[in-house]
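# A closer look at the structure
One-letter residues, chain by chain:
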Amino acid sequence: MNHNVVVVGGNRTPFAKAGGPLREASNHDLLTAALDGLVARHGLAGVRLGEVAGGAVLKHSKDFNLTREAVLSSALSPLTPACDLQQACATGLETTMYIANKIALGQLDAGIAAGVDSTSDAPIAVSDGLRRILLAAQAAKTPAARLKALARIRPSHLAPQAPSVAEPRTGLSMGEHQALTGARWSVTREEQDEIAAESHRKLAAAWQEGFFDDLVTPYLGLAKDAILRPDTTVEKLSALRPVFGGPEGTMTAGNSTALSDGAAAVLLASETWAKERGLPMLARIVDAEIAAVDHPGGDDLLLGPVAATGRLLARQGLEVSDFALVEIHEAFASTVVSTLKAWADEEYCRSLGLDGAIGELDRDRLNVTGSSLAVGHPFAATGARLVPTLAKLLHEKGPGSKGLISVCAAGGQGLVAILEAV
Amino acid sequence: MGADTEATARREVRVTDASGLRTAFVRAMMPAGRAPARVPSHSLVLEHVVQDPARLAAYDRVCGFTLRDSVPPTWLHVLAFPLHVRLLGAQDSTVRLVGAVHVRNTMTLHRPVGVGEALRIEVHAEAPRPHVKGALVDLVGAISVHDETVWTGVSTYLAQGSHVAGDPVDLPRDHFEPGTPQGLWRLKGDLGKRYKAVSGDPNPIHTSRVMARAFGFPRPLIHGMWTHAHALAQLESRLPDAYTATVGFARPVLLPGTVGYRTAAHDGGWDCAVTTKDGARPHLLMRVEP
């Protein structure tokens, strides 16, 4: 990399449960709100930025240029270009790497990486059968032929198709996949509920300390993450009934992420650009690695980040103990537990082509301000939430502090990145 | 007695909520005949209007605004509009909403207004002015938050057939030059119904072909305030915190239909024109000034 890429700052909307306080906001509205907060915080109104990369997992077809349209609605100069990227739950981290790589290569001075999802505003499509009939009717040359085509419509065709979170190749939802992984790695209910309770406790403490005051801008009357339950405990969580893995399952609504609404954005720049403008430099983007598993062949769907972590650490010559802080996206509490077990498993790591176990993580360094279980998980936004959060935490620890972000994604993929405090 | 003294002496009538609006709507819809133009001298006040975020979201979707914490000034007009109806539906008004053509509108946003702010809305009518085609009536609205005026608006209606003594006054003439549109808005037939649902403007010439015909239009026409709002929505990110938007409604837009749009920056502000689709004749001319 030719240029040092720094995280200048971040901004997000508070996150909320689907159908909750942000239900009226579309992806466009949420993304614009996240961008405008970031612009206001860093004095970028009217500025032509190099590029904005954003994305959403659940996207209406009319939003083919979602990020560019949000830029046009934002206070940025309308001359700021943008693109949409999508890599399921890793989207917000992948947009970060896309912008960071362009800055590193000298193609951009500064840019914004973002992600948004609204499960309240999820696109509802017509069924495949109906679509084919309508296309046939449209192509018909005579009114009679058109009527004949339309006569094939059956009531079942009219049922709207809500977007599914099931894996196309296995038919299993993400939770069902993780239930298989949890059983394979002997993840207990207690371990999961502890992670969930800790996530809420740490997030509540961080809000209390004002940690998020310069990372979150209130939106539509919502000032804090609405999913957060500061008073939740392992006891309360242990009373919930399982939702994945059958009656004997260990995964509940409490230790799985909720369908969420929200948007996040992160401002990235070359060191030179940030210095010229007198803007903060929280952390440098060091490197990233993407990996995938063969889940149709039976691999653990959400353990993609393990191979990515092993390869990234090997390339950088780093050990787990070199990281002051680690952020592992809490898709499910079970994902975090199985990921850490996989890190420490010599045989599993070798099966991924690594030289040996990645290592054991000191849990005190993990998700220290809470993570997706408590914050919420608007799919594409999570990566762009994690980057500024970790950058700020590392900056507080002092120059040279290193941090790791690990995000699992649908399709058996995993993206990990390393940040280092400036 | 000066106008200022008159204004301070104006009797305020508090309206507690939207109740009774239906009757006022009906009366405001009744043609008034060729009476001398007379409007109520009192002002109407709605206290503590809490904005409904879901209705704002629906309004934004219909008009093309992004849903933000701060609301579009045209939304504030919509909140004041029931008082227009009520004022012109009062017993002592001979000017009716039906037959009154909204010819001009000016609104000033004095500062960003949050969707969470409770508003005091006041509307009064200025004395009718003579016009060659009838009488011009200005409905003047003011919206405040804790005694701070945040929005003011003047809606000028032409009450056709009504009359006022005196020499006719002219409306300001907006400068227009034909030009190629930068954009085309393809407006669907149901737009009037959609805007009615979010604005509460019940005028049936916007939704009913029969009623439109009764008033001499071949098809329903979209509300002028929708066209105003949609033109403003094109500028949304360029708009400063405080500004004045002035529009002249040149000719109605029929539904369904396609119109042209163009805009150009001028010393710190914007000029916008909504035109016929060939850009030859104006439907609405808007000037936005900081």
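From a predicted model like this one, the values you see are computed outputs, not experimental measurements. (Residues numbered from 1 in each chain as written. Chains lettered and ligands numbered in written order. Predicted model: local features only at pLDDT ≥ 70, side-chain atom pairs only at ≥ 80, totals over all residues. Heavy atoms only, no water.)

Glancing now at the packing of aromatic side chains. Residues and elements named next belong to chain A. Scanning the entire structure with this criterion turns up nine aromatic pairs over all chains. With 5.2 Å between their ring centres and 85° between their planes, Phe211 and Phe212 make a pair best called edge-to-face. Its relative accessible area of 6% is what places Phe211 among the buried residues. Judged by its relative accessible area of 3%, Phe212 falls in the buried class. (Phe/Tyr/Trp six-rings, centres within 6.5 Å; stacked < 30°, edge-to-face > 60°. Buried < 20%, exposed > 50% of the residue type's maximum accessible area, 1.4 Å probe, protein only.)

For the rest of this paragraph, the subject is the domain arrangement of chain B. All names here are of chain B. The domain architecture assigned to chain B consists of domain 1 (1-172) and domain 2 (174-290). If you look at the interface, domain 1 gives 31 residues, while domain 2 gives 29 residues. Surface buried jointly by domain 1 and domain 2 totals about 2600 Å² across both partners, of which 60% is contributed by carbon and sulfur atoms. Summed over the shared surface of domain 1 and domain 2, the number is two salt bridges. For the salt bridge of Asp174 with Arg104, the shortest nitrogen-to-oxygen distance reads 3.0 Å. At the boundary of domain 1 with domain 2, the tally comes to eleven residue pairs in polar contact (both at pLDDT 80 or more). The set of elements that each furnish at least two residues to the side of domain 1 that touches domain 2 consists of helix 2 (21-29), helix 3 (53-63), helix 4 (73-88) and strand 3 (100-109). The greatest single-element share of the side of domain 1 that touches domain 2, amounting to eight residues, is contributed by strand 3. (Domains from an automatic or database assignment. Contact = heavy atoms within 4.5 Å. Buried area = accessible area lost by both parts, 1.4 Å probe. Salt bridge = Lys/Arg side-chain N within 4 Å of Asp/Glu carboxyl O. Polar contact = N/O pair within 3.5 Å; in protein donor to acceptor, adjacent residues only side chain to side chain. Helix = DSSP H or I, 4+ residues; strand = E, 2+ residues; numbered from the N terminus.)

Residues and elements named next belong to chain B. As defined by bridge partners, strand 8 (residues 183-187) adjoins strand 10 (residues 257-266) across five bridges and the pair is classed as antiparallel. Each residue of the ladder has a partner; that of Arg186, found in strand 10, is Thr258. In this structure, strand 10 lies alongside strand 11 (residues 269-276), joined through eight bridges in antiparallel fashion. The partner of His266 across the bridge, within strand 11, is Gly269. (Pairing = 2+ DSSP bridges.)

We now examine the layout of surface pockets. Here the largest pocket is characterised by a volume of approximately 1500 Å³. Taken together, 45 residues make up the lining of the largest pocket; nearest its centre are A:Glu69, B:Arg61, B:Gly64, B:His230 and B:Gln234. Put simply, the parts of the chain that give the lining of the largest pocket at least two residues each are helix 1 (27-41) and helix 2 (66-73) of chain A together with helix 3, strand 8, helix 5 (191-199), helix 7 (224-234) and strand 10 of chain B. Element by element, the count of residues in the lining of the largest pocket is highest for helix 3 of chain B, at five residues. Among the residues forming the lining of the largest pocket, the class breakdown is 16 nonpolar, 14 polar and 15 charged. Each of domain 1 (1-172) and domain 2 (174-290) of chain B contributes no fewer than three residues to the lining of the largest pocket. Considered as a void within the structure, the second largest pocket measures approximately 1200 Å³ in volume. Forming the boundary of the second largest pocket are 47 residues, of which B:Val101, B:His102, B:Val103, B:Phe249 and B:Ala250 lie nearest the centre. (1 Å grid on protein atoms, 1.4 Å probe; cavity = no way out; pocket = protein on both sides within 12 Å on 5 of 7 lines; lining within 4 Å. Points joined across faces, edges and corners; volume = space filled by probe spheres on them. Nonpolar A, V, L, I, M, F, W, Y, C, P; charged D, E, K, R; others polar.)

So, about empty space enclosed by the protein. The gaps left among the atoms become clear once a water-sized probe is rolled over them. Residues and elements named next belong to chain A. Within the structure shown, the criterion is met by one cavity of 30 Å³ or more. Those elements that place two or more of their residues in the lining of the largest cavity are strand 1 (5-12) and helix 14 (382-397). The leading source of residues in the lining of the largest cavity is helix 14, at four residues. The residue inventory of the lining of the largest cavity, partitioned by class, reads four nonpolar, three polar and two charged.

Further remarks concern helix 7 (residues 189-209) of chain A. Here helix 7 of chain A is 21 residues long and its end C-alpha atoms lie 30 Å apart, about the 30 Å a rise of 1.5 Å per residue gives. A:Gly210 sits one or two residues past helix 7 of chain A and shows a positive phi near 80°. (Expected span 1.5 Å × (residues − 1).)

With that settled, the discussion passes to the pattern of salt bridges. For the coordinates displayed, the defined rule picks out 32 salt bridges over all chains. Of the charged contacts in the structure, one is a salt bridge between A:Glu51 and A:Lys102, with a shortest N-O distance of 2.8 Å. You can see A:Glu51 sitting in strand 3 (residues 51-54) and its partner A:Lys102 sitting in helix 3 (residues 91-104), a full 51 residues away along the chain. The class for A:Glu51 is buried, based on a relative accessible area of 8%. The class of A:Lys102 is partly exposed, set by a relative accessible area of 22%. Residue A:Glu191 pairs with A:Lys341 through a salt bridge whose shortest N-O separation is 3.5 Å. Note that A:Glu191 is positioned in helix 7 and A:Lys341 in helix 11 (residues 333-343), a separation of 150 residues in sequence. It is possible to trace a salt-bridge network through shared partners that takes in B:Glu12, B:Arg14, B:Glu47, B:Arg120 and B:Glu122.

Here the focus is the interface of chain B and chain A. Listed by partner, the interface residues are eleven residues for chain B and 14 residues for chain A. In total, about 960 Å² of surface goes out of reach between chain B and chain A, with carbon and sulfur atoms giving 45% of it. Where chain B meets chain A, there are two salt bridges. Across the pair A:Asp36 and B:Arg68 runs a salt bridge, and its minimum N-O distance is 2.8 Å. Across the chain B-chain A interface, the total number found is ten residue pairs in polar contact (both at pLDDT 80 or more). A per-class count over the side of chain B that touches chain A returns four nonpolar, two polar and five charged.

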